[in-house]
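Results of the structural survey
Residue-level listing of the chains:
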Amino acid sequence: MDFTFSEEQQAAAEAARGVFADVAPDAVPSPALTTGAVADEFDRALWARLADADLLSLLLPQEQGGAGLDAVALCLVLRESAKVLARVPLLETSAAMAAVQAYGGRELRGELLERAGRGEVVLTVAASGRTGHDPAELAVTARQEEGEGADWILDGVQTAVPWAYDADFVVVPAHTAAGRTVLALVPRVHDGVALGEQFSTSGERLGELRLESARIAARDVIDVEGAWEWLRDLLTTGTCALALGLGERVLRMSSEYTSGREQFGFPVATFQAVAVQAADRYIDLRAMEVTLWQAAWRLASGARGALPVAGDVAVAKIWASEGVRRVVQTAQHLHGGFGADVTYPLHRYHAWAKHLELSLGPAAAHEEALGDLLAAHPLG
């Protein structure tokens, strides 16, 4: 078996490294010193460079101006973006585009995808539910009016929607009276749609999306079984890729700092207590990496396994949510007081890591979900 990335996937990662090479992780005010949002909007200049490098259309087929690549390629690019704390809705827009491509109607695909691939339309996804703990699809109700191709009416609240104030459309999962889940593309500016300002630990502005009898055209609603589950798994796997990239950069920062800092005439990196902690975090990152690529490969290939793909995603989440926390906590410890210096970028990585950890949810919940899957699909 060949576990290496394809030439196309490696090319995408190389292009991403070129685009992100000059991105400064401290280009906006520190969240530690800012009461509200660290910036009014995301990095539009970087967004344009990503579009010019064809990195926004990675998952689109070639006939729609894309590269025809898969979830593995997207995760490679996301991994690079997290190393510099890139302030762009790359994951959300890419995942939403992929869902529209895979499950949306012809009219919706033709109207939306090429424009989004060029960076002209920004998409995000409401995936946190009403409280951040309940299933997102249960936070909003959807009912279709009578008649062929009739409009849908949405009511409910979704919290902590990333980049909500910058997106043109929010993909909202909603449940019907029959128990189905639909995906509605809700315009940010629309009758019955309101946003309440929220802030993440990283200082980025989030939005509480409030829907009151919001009328959405039938062509902008995806009513296909499995669409939300697939989109949710892709979003989660992409978040694990962000956690991996951030963790790798933080461990490198720790290595560089402890190699240059001396105590008693020796670099502190040579002390056994320091080396053991760094080694433990390296093991965390390798576990995060292997479980990430397993989940991404299952999503990309559609390969069957002993468990549904949700099992691989759950394992990736367990390692990512716990691992990224341990990596940044150890980094803070090894940096000493310097790690809390707001003129040094480590505290920003800590804030972003906490946001990713909260987005992924507690490892114990994923372990419980994995246990349920094992009970339903006994191995052997």
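In short, a report on the structure. Everything numeric in this text was worked out from a predicted model, so none of it was measured.

A word on the overall build of the protein chain. Along its length, the protein chain carries 10 helices and 10 strands. Computed over its C-alpha atoms, the radius of gyration of the protein chain comes to 21 Å, within 12% of the 21 Å expected for a compact globule of 380 residues. For the protein chain, the spread of C-alpha atoms along the three principal axes comes to 80 × 55 × 40 Å. Buried positions account for 51% of the 380 residues belonging to the protein chain. Excluding contacts between residues fewer than 6 apart, the proportion of contacts in the protein chain whose partners are at least 24 apart in sequence is 73%. Separation of charge centres in the protein chain, based on 31 positive and 51 negative side chains, amounts to 3 Å.

Attention now moves to the packing of aromatic side chains. According to the stated counting rule, one finds six aromatic pairs in the structure shown. Here the aromatic rings of Phe5 and Trp293 are separated by 5.0 Å at their centres, their planes lie at 70 degrees, and the arrangement is edge-to-face. Taken together, the residues Phe5 in the segment before helix H1 (7-20) and Trp293 in helix H7 (residues 272-301) connect sequence positions 288 residues apart. When its relative accessible area of 14% is taken as the criterion, Trp293 is described as buried. Each ring, one from Phe42 and one from Trp163, has its centre 6.1 Å from the other, and the planes form 85 degrees; the classification is edge-to-face. Of this pair, Phe42 sits in the loop between H1 and helix H2 (44-52) while Trp163 sits in the loop between strand S3 (152-162) and strand S4 (169-175); the two residues are 121 residues apart in sequence, bridging distant segments of the chain.

Further remarks concern the side chain of Thr93. Looking at where Thr93 falls in the secondary structure, it is placed in helix H4 (residues 90-103). Here Thr93 is in contact with Trp47, Val121, Val122 and Leu123, once residues within four sequence places are set aside.

Our focus in this paragraph is the pattern of salt bridges. A complete count under the given rule lists 28 salt bridges for this structure. With its nearest N and O atoms 3.3 Å apart, the salt bridge here joins Glu80 to Arg17. A residue pair is termed long-range when its members are at least 10 positions apart, and Glu80 in helix H3 (residues 71-83) and Arg17 in helix H1 qualify at 63 residues. Note on Glu80: relative accessible area 10%, which makes it buried. As a salt-bridge pair, Arg180 and Asp223 come within 2.9 Å of each other at their nearest N and O atoms.

Let us now look at the nonpolar core. Grouped together as the largest cluster of nonpolar side chains are 88 residues, with contacts concentrated most on Phe20, Leu50, Leu231 and Leu246. Broken down by element, the residue count for this core peaks at 14 residues, all from helix H6 (residues 227-260). Beyond its immediate stretch of four places on either side in the chain, Phe20 contacts Leu46, Leu50, Val77, Glu80, Ser81, Val84 and Ala86.

Take H2 next. Among all positions of H2, only Leu46, Trp47, Leu50 and Ala51 are buried. Buried residues of H2, viewed axially, fall in a sector of 145 degrees; they line one side. Where H2 is buried, its residues meet H1 and H4. Looking at where H2 begins, the residue whose side-chain oxygen comes 3.3 Å from the main-chain nitrogen of Ala45 is Asp43.

Another point: the environment of Glu208. If you trace the backbone, Glu208 turns up in strand S7 (residues 205-216). Placed 12 residues apart in sequence, Glu208 and Asp220 show a C-alpha to C-alpha distance of 21 Å. Sequence-distant contacts of Glu208, defined by excluding residues within four places in its chain, comprise Val157, Gln158, Thr159, Ala194, Leu195, Gly196 and Gln198. Here Arg210 takes part through its side chain, which lies 2.8 Å from a polar atom of the side chain of Glu208.

By the criterion of burial, S3 is predominantly enclosed, with nine of the 11 residues buried. Summarising the sheet, strand S2 (residues 140-144) and S3 pair through five bridges and their orientation is antiparallel. If you follow Val140 over to S3, its bridge partner there is Gly156. Here S3 pairs with S7 via eight bridges, running antiparallel. Across the sheet, the residue bridging to Trp152 is Ile216, located in S7.

So, about the packing of helix H8 (residues 309-335) against helix H9 (residues 346-360). Interhelical geometry of H8 versus H9 gives an angle of 160 degrees and a closest axis separation of 9 Å. If you check the angle between H8 and H9, you find them roughly antiparallel. Handedness of the H8/H9 crossing: left-handed. Each of Lys317, Ala320, Ser321, Val324, Arg325, Val328, Gln329, Ala331, Gln332 and His335 in H8 lies in contact with H9, whose residues at this interface are Leu346, His347, Tyr349, His350, Ala353, Glu357 and Leu360.

A full pass over the atoms with the stated rule returns two cavities of 30 Å³ or more. Considering only enclosed or pocket space, the largest cavity measures out at about 50 Å³ in volume. Contributing to the lining of the largest cavity are Ala39, Asp40, Glu41, Phe42, Trp163, Tyr165, Asp166, Glu204 and Arg205. Its residues assigned to classes, the lining of the largest cavity comprises four nonpolar, no polar and five charged. Roughly 30 Å³ of internal volume is contained in the second largest cavity.

Reading guide: rules and limits
- Residues numbered from 1 in each chain as written.
- Predicted model: local features only at pLDDT ≥ 70, side-chain atom pairs only at ≥ 80, totals over all residues.
- Heavy atoms only, no water.
- Helix = DSSP H or I, 4+ residues; strand = E, 2+ residues; numbered from the N terminus.
- Rg over C-alpha atoms; globule rule 2.2 N^0.38 Å.
- Buried < 20%, exposed > 50% of the residue type's maximum accessible area, 1.4 Å probe, protein only.
- Contact = heavy atoms within 4.5 Å.
- Lys, Arg positive; Asp, Glu negative; His and termini not counted.
- Charge placed at Lys NZ, Arg CZ, Asp CG, Glu CD.
- Phe/Tyr/Trp six-rings, centres within 6.5 Å; stacked < 30°, edge-to-face > 60°.
- Salt bridge = Lys/Arg side-chain N within 4 Å of Asp/Glu carboxyl O.
- Core = buried A, V, L, I, M, F, W, Y, C linked by side-chain atoms within 4.5 Å.
- Arc of directions from axis to C-beta.
- Polar contact = N/O pair within 3.5 Å; in protein donor to acceptor, adjacent residues only side chain to side chain.
- Pairing = 2+ DSSP bridges.
- Axes fitted to C-alpha atoms, helices over the stretch in contact; angles between N-to-C directions.
- Parallel < 35°, antiparallel > 145°, perpendicular 65-115°, else oblique.
- Left-handed = near helix turned anticlockwise from the far one by under 90°.
- 1 Å grid on protein atoms, 1.4 Å probe; cavity = no way out; pocket = protein on both sides within 12 Å on 5 of 7 lines; lining within 4 Å.
- Points joined across faces, edges and corners; volume = space filled by probe spheres on them.
- Nonpolar A, V, L, I, M, F, W, Y, C, P; charged D, E, K, R; others polar.

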